[in-house]
Structure formats: C-alpha cells, structure tokens
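Each chain, letter by letter, is given below.
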Amino acid sequence: MANDPVYLDNNATTRCDPRVVSAMLPYFSEQFGNASSMHAFGSEVGGALARARKQLQTLLGAAFDHEIVYTSGGTEADNMAILSALDTQRGRDEVITSAVEHPAVLSLVAHLEKTGAAKVHIIPVDAKGRLDMEAYRKALGPRTAIVSIMWANNETGTIFPVEKLAEMAHEAGALFHTDAVQAVGKIPMDLKETGIDMLSLSGHKLHGPKGIGALYVRKGVRLRALIRGGHQERGRRAGTENAPGIIGLGMAAELAAEHMHEEQTRVAALRDRLEAGLLASISHSFTTGDPQTRLPNTANVAFEYIEGEAILLLMNREGIAASSGSACTSGSLEPSHVLRAMNVPYTAAHGAIRFSFSRENTEADVDRVLEVMPQIIARLREMSPFWQARDGDGRETEGAFNPTYA
Ligand code: PLP
C-alpha cells in the first residue's frame, strides 16, 4: 500500500480548512453584493465583513476592530507599514530592521536605501538567530522613523522580544512594526497589552485563503494609504473588499483561537520527536535557531556536506514535502540569508531543511520522516565529494562545525 503524502511545509502555506472554505463559498455566488452598495445585497455582505473583523480582532487581542486594515497579504501589509511611517514621521528618514527578515521587508528596505528614500540599519543576529540588542540600541536615534522586526522567523521559528523592542523604539520616538505572518495563529497574542504600533499577518499561513492579509494599526497611529481610490477600509486601503477572503480569514482566525491551546503543545511534541529522532539517527546533523524561544511548529535541521535541494528531491519522491532556505540564484545555489546571518557554516547551511508542522500533522507523519530520512542522507553523502573529503583522508574531523548548534 502506498504511503500517504506527508506535508511539513506549513510555514510556506497551509491547507485551507474545509470549514473556512464552507464559510467563504456563499460569498462567491448567492451573496455576491458589493459591501459598499446601499441595497440588501450589499448590506448582507457588509454585516458578514463586520463579523469577520471581530473574529480577527479576538485572535489578535486588539482593542478595536477598526484597528484592522485588510490587505492582499503579508507582503502588502509590510510595505504599507514601512512606507507609511516614512511618510508620516516628520523629520525622520531612518528604518531599522533585522538581517533575518522576510524579503517582503528586506527587498523593500534595500530599494529605499538604493533610491535614497531612507537610511537603513540592518541589525545582526547571533548564532541562535537572536537579535543583537546592543546594536539595536545604538541604531535607534532621533531620525528613526520606524523599526520593523519580525515576531517569529519563518525559517528557524526563533521568536523576537517584540514587546521590549517596541518599548525601546518608543523611547526614541519611533514607531514599531512587526511582521507577525508566522506568529499569528500559532502563539497567543494580546495586542492591547503591548506597545506594538503595527503588525502584519497573512491568511494562508493559518489555514485561511491566499491573497488576503491585514495590517493591524493601533488606534492613534497615523497611516498613509499605499493604494488609493475608493473609501474602503476607512480610506486606508482602496479597492472593493475581497469579501470571500476576508470572511475566510475571519473563520480561520476563529478556528486558530479555538485550537491554539491544545495544538501548541501537541505540535511542539511532534516537532521535538522529529528533531530528536533525526539527530539520533543521522550523524553530522544539528538544529539551528533558538531552542528556548521559538515557535512550536518549526524545526530547522542542517545535514552537513550535502545539498538541501537534493534532499528535498529525494524526500519528494517519498511523498514528503518540506523546504530548504536556499534559493537558486543565477545558477549558483546560495544558502539561506537567515542561516548565513547566523554564521552557520556553508557546509551545513547548504544542507538545512525546514520542517514546519500544523494542526493537521500526526504522529504517523513523524514516523514516516524518521523512517526514510537516514537512508536519503546516507545515499546523498555517498555521492558527495564534500562528505568524502571532510577530513582529507577518509576519517572524520572533530569539531567540523560550531558546537553551539548541536
Ligand atoms: N513575512 C513572512 C515572515 C513570511 O513568512 C511570508 C510568507 O512566506 C510573508 C511575509 C509574505 O506573506 P504573503 O505571502 O501573504 O504576502
């Protein structure tokens, strides 16, 4: 009997929950009105959008539902937060961010720097992916418009001390934004109790639909629209509302809140069993990230002396989906910018695999990965010139990598 496929790439995207799909379906057909219309077709949709906003407000612990501005996803929300702050924070033209952000932030700030629109400070991280707090303190100043630092990293799961970072940003008179695309729905949050000014999230990372996200904007924080046109979203984001998407995101938020407590523990136990099993059965492997402060669903394991892409291909043949941080750029395989920022040696960063769980994963998924991975790694190492040459004479070299990762 063929094995069931195993999906462990939930930080890339999650399956839309069937209850989310059911909630959305009527808004494609029977309830197709435009929420801005005066007639019953419109007002029915308007009511559903208002309920969805409440569902998301509850998950975030936001003080007011109108602090939520819907966007096309996490990328748009990140762009909106940073560009708005540069526009509204008079006399301030500097942006602070970290070296391990998603390209939704890093490529935007690179563009701002290149065009002279902002001066950008990129704060480094340590070997566990934790922010260099001293460098952060030094970068803050009277010209800082906004600090944008993610709540949790998408590759390693490392969680950043966002409340502390927001407090420090405020002392310098700057706004604080966090890309919480990987954190929302996975760990509890109560935004009204924090100083976070803006927060980005994305529907498809929490069993909701793709193409919908939101920017939370604390009441009192000025927001400059990125997309101009009609008066939707109180004039903060123009364009006819994506009603099915917003309603789906609302349902996804409600389900995440309902499952969070039990799933956080269950998923972390699956993740821990996978990590322990891999490290015990495969030599020259280690986990990256901060084992103490991290998301419950993410494991990033580096297998030394082989290529992540090759590992993924062989895993795929076994029906197992995960991901590597490397990107094939101009013919050369570059390891992930996150692992490079953490100084993970090239021999290991190249072979790093991210396994990311969701509430849909089971013990059987972990068993299956543990069954096939040792053979896959052994096979690739047999063919790897780096593995053969790891000590020059066929014997193992002690301390080939930084032991802090072990
Ligand atoms: N930020 C982080 C940390 C992410 O992981 C992602 C998606 O991979 C994004 C932003 C982009 O979100 P979206 O796909 O909704 O634009």
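These numbers come from a predicted model, not from an experiment.

### Some words on helix H8 (residues 308–317)
Here H8 has its buried residues at Gly308, Ile311, Leu312, Leu314 and Met315. Angular distribution of buried residues about the axis of H8 spans 165°; they occupy a single face of the element. Exposed residues on H8 whose side chains face more than 90 degrees from its buried face are Leu313, Asn316 and Arg317. Where H8 is buried, its residues contact strand S10 (298–303), strand S11 (320–321), strand S14 (352–356) and helix H11 (363–383). At the exit of H8 stands Gly319, carrying a positive phi of roughly 80°.

### Overview of the domain arrangement of the protein
Domain boundaries assigned for the protein yield domain 1 (18–258) and domain 2 (260–388). Computed over C-alpha atoms, the centres of domain 1 and domain 2 are 29 Å apart. Carbon and sulfur atoms supply 57% of the area buried between domain 1 and domain 2, which totals about 2300 Å² over both sides. When the buried area of domain 1 at its contact with domain 2 is split by residue, Glu155, Thr156 and His207 rank highest and sum to 30% of it. In this structure, the connection of domain 1 to domain 2 is made through 0 salt bridges. Across the domain 1-domain 2 interface, the total number found is 9 residue pairs in polar contact (both at pLDDT 80 or more). The residue inventory of the side of domain 1 that touches domain 2, partitioned by class, reads 14 nonpolar, 9 polar and 8 charged.

Reading guide: rules and limits
- Residues numbered from 1 in each chain as written.
- Predicted model: local features only at pLDDT ≥ 70, side-chain atom pairs only at ≥ 80, totals over all residues.
- Heavy atoms only, no water.
- Buried < 20%, exposed > 50% of the residue type's maximum accessible area, 1.4 Å probe, protein only.
- Helix = DSSP H or I, 4+ residues; strand = E, 2+ residues; numbered from the N terminus.
- Arc of directions from axis to C-beta.
- Contact = heavy atoms within 4.5 Å.
- Domains from an automatic or database assignment.
- Buried area = accessible area lost by both parts, 1.4 Å probe.
- Salt bridge = Lys/Arg side-chain N within 4 Å of Asp/Glu carboxyl O.
- Polar contact = N/O pair within 3.5 Å; in protein donor to acceptor, adjacent residues only side chain to side chain.
- Nonpolar A, V, L, I, M, F, W, Y, C, P; charged D, E, K, R; others polar.

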